[in-house]
Amino acid sequence: MGVLTGPLPLIPPKNQPSGTPDLRVVALGGGHGLSASLSALRLLTSELTAVVTVADDGGSSGRLRDEFNVLPPGDLRMALSALCDDTEWGRTWRDVMQHRFQSVQGKESLLDQHAMGNLLIVTLWELLGDTVGGLKWAGALLGARGQVLPMASVPLTIQGTSRSLQEDGTEWIQQIEGQAVLATAGNVEDVRLLPEGAPACVEALEAIELSDWVILGPGSWYTSVLPHLLLPELRQALCTSPARRCLAMNLDVNDKEVRGMSAADHLRVISRYAPEFGVDIVLADPTSIGSTQEARAEFEQAAAALGAEVVLSRVRVSNRQSVHDPLRLAAAFHDVFGGG
């Protein structure tokens, strides 16, 4: 351990982002949702910190977690990739980090479906013996605009209860463990993290305390967004930080994880699991909260219960795709920050 020492290597110079470069922003989440917010936020400020969920137990991340007893690196890799500049250097390293090995048909390989970035991150962790330090070195190599931190210093396991109605009309209650399974269960309740009282990443707590804005979401609601409010130390930091808070809604509010839930139901989940957590702004695409006046009124009422004002902004790539447009989302965040 400790092979890599001394200052971080020099990285290609970055162009100063437009907007408010001195604004300190912390974005929390995981997976594609956090990548979307980071791709937008890096256009507004260099003082950007990503705090990433570490409960993934599927795919390449799950295999590395089990085999090497490390944090699952996948969501951390995606966050680093999202912070790469839109330059030849940034695009190349983003593609390297996201590259997945695929074995030749008919042949087995231990590398099959592993992401190159996952292997790089775990390598740095083994050489340094330092999770946060390894992520800093990876960020320096990529020229990442901002830093990436895990939400906890140990791997987490997410549990929940799923209820479903059988053909004979009886209710089937199933205890579920693991992010990969929970993400597709539907009708989830009683979500919790193990180990109980796991330590939060100290650097993440400090970043939240010193931030001007905290962005929670978008992302898988129960497995990427909610976990940040289930970890006691992190929830306390989010509730007591002097920063203003923005909750960014998903474009698709009816995926497998939240089947049958409305946009307002998403906000009620936050209220139910962390009633002490207040929000200043709820940012949503108008097409994602319902087309009727009743749906919009219900959504605004649920936001008000969090203490929040609703800001509607078109942030989709197109009206038909549940994909965020980085420039539109950046403009929406800019307006939110300016209004603060």
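Residues numbered from 1 in each chain as written. Predicted model: local features only at pLDDT ≥ 70, side-chain atom pairs only at ≥ 80, totals over all residues. Heavy atoms only, no water.

Report on the overall build of the chain, specifying residues and quantitative values.
The helix and strand inventory of the chain stands at 14 helices and ten strands. In terms of overall dimensions, the chain is globule-like: its C-alpha atoms have a radius of gyration of 20 Å, near the 20 Å expected for 340 residues. Overall, the chain is about 60 × 50 × 40 Å in size when its C-alpha atoms are taken along their principal axes. Evaluated residue by residue, the chain yields a buried proportion of 50% over its 340 residues. (Helix = DSSP H or I, 4+ residues; strand = E, 2+ residues; numbered from the N terminus. Rg over C-alpha atoms; globule rule 2.2 N^0.38 Å. Buried < 20%, exposed > 50% of the residue type's maximum accessible area, 1.4 Å probe, protein only.)

Mind laying out the pattern of salt bridges, listing which residues take part and the relevant values?
Per the counting criterion, the structure on display carries ten salt bridges. For R192, the salt bridge identified is with D190, shortest N-O distance 3.0 Å. Here R192 falls in the partly exposed class, since its relative accessible area comes to 25%. A relative accessible area of 45% places D190 in the partly exposed class. Put simply, R235 and E276 hold a salt bridge, and the shortest N to O gap is 3.1 Å. Residue R235 is found in helix α11 (residues 232-240), and its partner E276 is found in the loop between α12 (263-273) and β9 (281-284); the two are separated by 41 residues along the sequence. A relative accessible area of 46% means that E276 is categorised as partly exposed. (Salt bridge = Lys/Arg side-chain N within 4 Å of Asp/Glu carboxyl O.)

Now, about a negative patch on the surface: what can you tell me, with residues and values included?
A contiguous patch of negative charge, built from D57, D66, E67 and E177, is present on the exposed surface. Residue classification places E67 among the exposed residues on the basis of a relative accessible area of 55%. (Patch = residues over 30% accessible without salt bridge, like charges linked within 9 Å, V, L, I, M, F, W, Y side chains within 5 Å. Areas by Shrake-Rupley, 256 points an atom, 1.4 Å probe, with all protein chains shown as cover. Lys, Arg positive; Asp, Glu negative; His and termini not counted. Charge placed at Lys NZ, Arg CZ, Asp CG, Glu CD.)

A description of the environment of H324 should follow, citing residues and the corresponding values.
Position of H324 relative to the elements: it lies in the loop between β10 (309-312) and α14 (326-339). The exposure class assigned to H324 is buried, which follows from its relative accessible area of 16%. Remark: the alpha-carbon pair of H324 and L283, spanning 41 residues in sequence, is separated by 13 Å. Discounting residues that sit within four places of it in the chain, H324 has contacts with A36, P218, M249, L251, V315, V317 and L329. (Contact = heavy atoms within 4.5 Å.)

Could you give me a rundown of the layout of surface pockets, with the residues and numbers involved?
Over the atoms, a rolling probe the size of a water molecule traces out where space has been left empty. There is about 1100 Å³ of room inside the largest pocket. Residue lining of the largest pocket: 45 residues in total, with G31, H32, G33, S35 and M78 positioned closest to the centre. Listed by contribution, the elements that provide at least two residues to the lining of the largest pocket are α1 (31-41), α2 (59-68), α3 (74-82), α4 (88-98) and α9 (221-225). Residue composition of the lining of the largest pocket, by class: ten nonpolar, 22 polar and 13 charged. (1 Å grid on protein atoms, 1.4 Å probe; cavity = no way out; pocket = protein on both sides within 12 Å on 5 of 7 lines; lining within 4 Å. Points joined across faces, edges and corners; volume = space filled by probe spheres on them. Nonpolar A, V, L, I, M, F, W, Y, C, P; charged D, E, K, R; others polar.)

How would you summarise α3 if you had to cite specific residues and measurements?
Burial runs high along α3: nine of the nine residues are buried. When α3 is considered as a whole, its buried residues turn out to be G74, D75, L76, R77, M78, A79, L80, S81 and A82.

Describe the pairing of β9, listing the residues and the values that go with them.
Side-chain alternation along β9 places I281 and L283 on one buried face and V282 and A284 on a second face that is also buried. Where strand β8 (residues 244-248) lies against β9, three bridges are found, and the strand directions are parallel. Note on β9: the bridge partner recorded for A248 is L283. With four bridges connecting them, β9 and β10 associate as parallel partners. (Pairing = 2+ DSSP bridges.)

Could you give an account of the packing of α12 against helix α13 (residues 293-305), naming the residues involved and the relevant values?
Relative to each other, α12 and α13 sit at 15°, their axes nearing to 8 Å. Relative to α13, α12 is oriented roughly parallel. As α12 runs across α13, the sense of the crossing is left-handed. Contact residues: α12 offers A263, A264, L267 and R268, while α13 offers E298, F299, A302 and A303. (Axes fitted to C-alpha atoms, helices over the stretch in contact; angles between N-to-C directions. Parallel < 35°, antiparallel > 145°, perpendicular 65-115°, else oblique. Left-handed = near helix turned anticlockwise from the far one by under 90°.)

So what about the nonpolar core? Which residues, and what values?
Ranked by size, the top nonpolar core spans 102 residues in total, and within it F333 and F337 carry the most contacts. Look past the residues within four positions of F333 in its chain and what remains in contact with it is S37, A40, L41, L44, I215, C246 and L283. (Core = buried A, V, L, I, M, F, W, Y, C linked by side-chain atoms within 4.5 Å.)

Which residues make up the sheet that holds strand β1 (residues 25-29), and what are the values?
Backbone-to-backbone hydrogen bonds pair the strands of a sheet. The strands run either parallel or antiparallel. As summarised here, the arrangement of the seven strands in space is β3-β2-β1-β7-β8-β9-β10, forming an open sheet in which the pairing is parallel. With one partner strand each, in any of the chains shown, β3 (147-150) and β10 form the two edges of the open sheet. Direction aside, neighbouring strands of the sheet carry axes that sit 20° apart on average.

An account of unusual backbone geometry is requested, with residue identities and associated values reported.
Trans peptide bonds make up most of the peptide bonds, and negative phi angles are found at most residues other than glycine. Cis rather than trans, the peptide bond between L194 and P195 has omega equal to 0°. If you trace the backbone, P195 turns up in the loop between β6 (188-194) and α8 (202-210). In this structure, P218 follows G217 across a cis peptide bond, with omega equal to 0°. Take P218: it is sitting in the loop between β7 (213-216) and α9. Within the chain, N69 stands out as a residue other than glycine whose phi angle is a positive 55°. Tracing the chain through its elements places N69 in the loop between α2 and α3. The exposed category is assigned to N69, whose relative accessible area is 67%.

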